[in-house]
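Structural characterization, general
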Protein chains: 2
Amino acid sequence: MGAERPDGILLGLDLGGTQVKAARFSPSGEREAVARVDSPSHESPEAVLGAVLAALRALLPGGASPAGVGIGVAGVLDLKEGRIIESPNLPVLSGFPLRERLQSALGGAPLRLLNDANAAALGEFHAGAGRPFESMVLLTLGTGIGGAIVLGGKLWEGAAGIAGEAGHMCVQAGGPECTCGARGCLEACVSGWALTRDARAAAARNPASAIASLAEITPKRLADLALGGDAEARALWERAGEMLGTGIASLMNLLNPEAIVLAGGLVQAGDLLLGPARRAWERQAFERARASAQVLPAALGEWAGVRGAVQPFLS
Amino acid sequence: MGAERPDGILLGLDLGGTQVKAARFSPSGEREAVARVDSPSHESPEAVLGAVLAALRALLPGGASPAGVGIGVAGVLDLKEGRIIESPNLPVLSGFPLRERLQSALGGAPLRLLNDANAAALGEFHAGAGRPFESMVLLTLGTGIGGAIVLGGKLWEGAAGIAGEAGHMCVQAGGPECTCGARGCLEACVSGWALTRDARAAAARNPASAIASLAEITPKRLADLALGGDAEARALWERAGEMLGTGIASLMNLLNPEAIVLAGGLVQAGDLLLGPARRAWERQAFERARASAQVLPAALGEWAGVRGAVQPFLS
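Residues numbered from 1 in each chain as written. Chains lettered and ligands numbered in written order. Predicted model: local features only at pLDDT ≥ 70, side-chain atom pairs only at ≥ 80, totals over all residues.

Re the relation of the copies chain B and chain A
Expressed as a screw transformation, the operator carrying chain B onto chain A has a rotation angle of 180 degrees and an axial translation of 0.0 Å, and the superposed copies differ by an RMSD of 0.0 Å. Read as a symmetry element, the transformation amounts to a two-fold axis. Here 100% of the interface residues in chain B have copies in chain A that are interface residues too; the copies meet face to matching face. (Least-squares fit on C-alpha atoms with pLDDT ≥ 70 in both. Contact = placed C-beta atoms within 7 Å.)

Points about the nonpolar core
Counting 225 residues, the largest nonpolar core has A:Leu13, A:Ala121, A:Leu138, B:Leu13, B:Ala121 and B:Leu138 as the members making the most contacts within it. Excluding residues that lie within four positions of it along the chain, A:Ala121 makes contacts with A:Met136, A:Leu138, A:Ala148, A:Val150, A:Leu155 and A:Gly308. (Core = buried A, V, L, I, M, F, W, Y, C linked by C-beta atoms within 7 Å. Buried ≥ 20, exposed ≤ 12 C-beta atoms within 10 Å, placed from the backbone.)

Quick notes on the confidence of the model for chain A
When pLDDT is averaged across chain A, the result is 93; 97% of the residues are at 70 or more. Confidence metrics for the complex model read pTM 0.93 and ipTM 0.93. (pLDDT = per-residue confidence, 0-100.)

Observations regarding helix α1 (residues 45-58) of chain B
Residues and elements named next belong to chain B. Given a rise of 1.5 Å per residue, 14 residues ought to cover 20 Å, and the 20 Å separating the end C-alpha atoms of α1 matches this to within 8%. Within the sequence span of α1, burial applies to Val48, Ala51, Val52, Ala55 and Leu56. Buried residues of α1 fall within an arc of 130 degrees about the axis and therefore sit on the same side. Residues of α1 that are buried in the fold lie against β1 (10-15), β2 (19-25), β3 (31-38), β4 (68-73) and α2 (98-105). (Helix = DSSP H or I, 4+ residues; strand = E, 2+ residues; numbered from the N terminus. Expected span 1.5 Å × (residues − 1). Arc of directions from axis to C-beta.)

Some details on the interface of chain B and chain A
Taken together, the contact pairs 37 residues of chain B with 37 residues of chain A. Elements supplying a minimum of two residues to the side of chain B that touches chain A: α7 (231-255), α8 (271-284) and α9 (287-291) of chain B. Take the side of chain B that touches chain A: its biggest share by element is seven residues, from α7(B). Across the side of chain B that touches chain A, the residue classes tally to 22 nonpolar, 11 polar and four charged. (Nonpolar A, V, L, I, M, F, W, Y, C, P; charged D, E, K, R; others polar.)

Describing the environment of B:Pro276
Residue and element names in this part refer to chain B. Position of Pro276 among the secondary structure elements: in helix α8. A sequence separation of 32 residues divides Pro276 from Leu244, and the C-alpha atoms of the two residues are 8.5 Å apart. Those residues in contact with Pro276, other than ones at most four positions away along the chain, are Glu238, Gly241, Glu242 and Gly245.

As for the packing of helix α6 (residues 219-227) of chain B against α7(B)
Helices that pack against each other are described as a pair by the angle of their axes relative to one another and the distance between those axes. Residues and elements named next belong to chain B. Put simply, α6 and α7 touch, their axes get as near as 7 Å, and they point 115 degrees apart. As for how α6 packs across α7, the hand of that crossing is left-handed. The segment α6 lies against α7, with Leu222, Leu225 and Ala226 engaging Ala233, Arg234, Leu236 and Trp237. Looking at the contact of α6 with α7 residue by residue, the classes come out as six nonpolar, no polar and one charged. (Axes fitted to C-alpha atoms, helices over the stretch in contact; angles between N-to-C directions. Left-handed = near helix turned anticlockwise from the far one by under 90°.)

Some words on the sheet that holds strand β11 (residues 259-263) of chain B
Residues and elements named next belong to chain B. Read from one edge of the open sheet, five strands run β10-β9-β8-β11-β12, paired in mixed fashion. With one partner strand each, in any of the chains shown, β10 (154-155) and β12 (294-297) form the two edges of the open sheet. Relative to β11, strand β8 (residues 136-141) runs parallel, the two sharing five bridges. Across the sheet, residue Val137 finds its bridge partner in β11, namely Ile260. (Pairing = 2+ DSSP bridges.)

Points about the environment of A:Ala22
Residues and elements named next belong to chain A. With respect to the secondary-structure elements, Ala22 resides in strand β2 (residues 19-25). Here Ala22 falls in the buried class, since 27 other C-beta atoms lie within 10 Å of it. When near neighbours in sequence (up to four residues on either side) are disregarded, Ala22 contacts Leu11, Gly12, Leu13, Val34, Ala35, Ala55, Leu56, Leu59 and Val306.

Some remarks on the domain arrangement of chain A
Residues and elements named next belong to chain A. In terms of domain boundaries, chain A breaks down into domain 1 (10-122 + 303-313) and domain 2 (132-299). Taken over C-alpha atoms, the centre of domain 1 sits 28 Å from the centre of domain 2. Each partner contributes residues to the interface: domain 1 has 10 residues there, and domain 2 has 14 residues. For the side of domain 1 that touches domain 2, the elements supplying multiple residues, two or more each, are β5 (76-78) and α3 (116-127). Looking at which element gives the most residues to the side of domain 1 that touches domain 2, the answer is α3, with five residues. (Domains from an automatic or database assignment.)

See the structure below:
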């Protein structure tokens, strides 16, 4: 089956570190119902499996069997074996043969695992902001930075299934340490955790500052401070935006895509982040590369990955 | 015709700033004869056209008409119109309708223009170092840095035909000025011109140094000095190699290709450049990304582009 258009119900699921989100889709990709359960991401593989099955079964009319199940997982996957190699957000699943276990629990329904950023990219490309285009890079700007690449209408997953790690392009050799062990990665310069790190450093330097007076330092509160006129908070966003624009310029020059779609919580900072980003990519990308690329916000929000996970059964 | 396998003679040509190189190929892609003429790159479009036609006609048995002609051109092309938008190495050809003029001179033979780095990548992918692989990034390390991307067996030319500009990924935000107007591009940190710039600066700082005593500063002479044990020259290569490895790590993380093929004159510096490069990418790329990518020297040398230019008529 796999690539053929099935007649029956399709289920898409996004397995994250905090939530399991799922939806039922018609054979033509219309979303019909959704389900959401907490992710017992630190308990045991069996608990996570149970949550996944609970979400899926909540969407199946009694006794029905799905024609296809797509699962986006936050982590590095062995796509051939259907196994999770490692997942920072779902540490108990490292090495877990997720596809095999799910498939037997689901009575052998066709099942497809995808990396969560790739699933979100497929969703945005086929049903969201990327629909008008043939090529697209998705950047997810959250606590970390994820990415995915669609070229010539096709998702590029890479030789080992890990393509799209735009957060781990180096934009500042010798720069700040990244969670991956390298230095100067895009994610180490602009991401939720990088902003928080820089805000903590600013607070330590200037204990009388507005940043230092925050009860908790989060990107949301830093955005509120900046919008309220705090110069230090504005400078943090300005710097982050510049680095984001630098990374976007690199993607434009290297891949020359038609669209760069921005998803994730940091996008809500709006022009605080995207203003300096735009100035940076306009200064740094080839004129023809930026003229041919639109930079757009994602359209499907938190449901992009769920929608994208069923795409392999639709096309 | 275009994509079909023709019965007759195929001609490939590499139109560069100093030379026009061409070859005749059998319908199965075997090289049968070569021609080489100087490139009158600063004279006039007509002079360049004349040199191209002279090289092609030297390869055609009397009266024969080619079944396909592929031309790799150093520059930014409008692939739809077959026009050269701009070419730093062939400035007189800016705006020149090369395909139209050649096609009428060649009696309407099927003609395909490609960017020269893309042509070289097709050559290496189908007949050189990239043959065993499904995906490959080519880096040409010469005076500047060029690049090209082959994914899933297909050349990715980009929305405006300029994909592959790996030399203009930013690896050092705010770093040295690049010829493209941006700062900290890979090319501005490691390339023939960047090495020469850094060597001149070293010579100016230390007029008693071996570098300062060179009659002319070239990558070749800097390599000879470094191999002879000169610490300053070694440091220049070490720094260039580190930046090259940083760029390679970014390509591994972003594209996760099976192969990264290195072409161009700087590769002749061997371990002076590639030793520190390897240490950098091993430190900075995801383990799975570097484990799945081989970094290899190009196999076809200066004939890669000529071979690649006929590929559109072979596959």
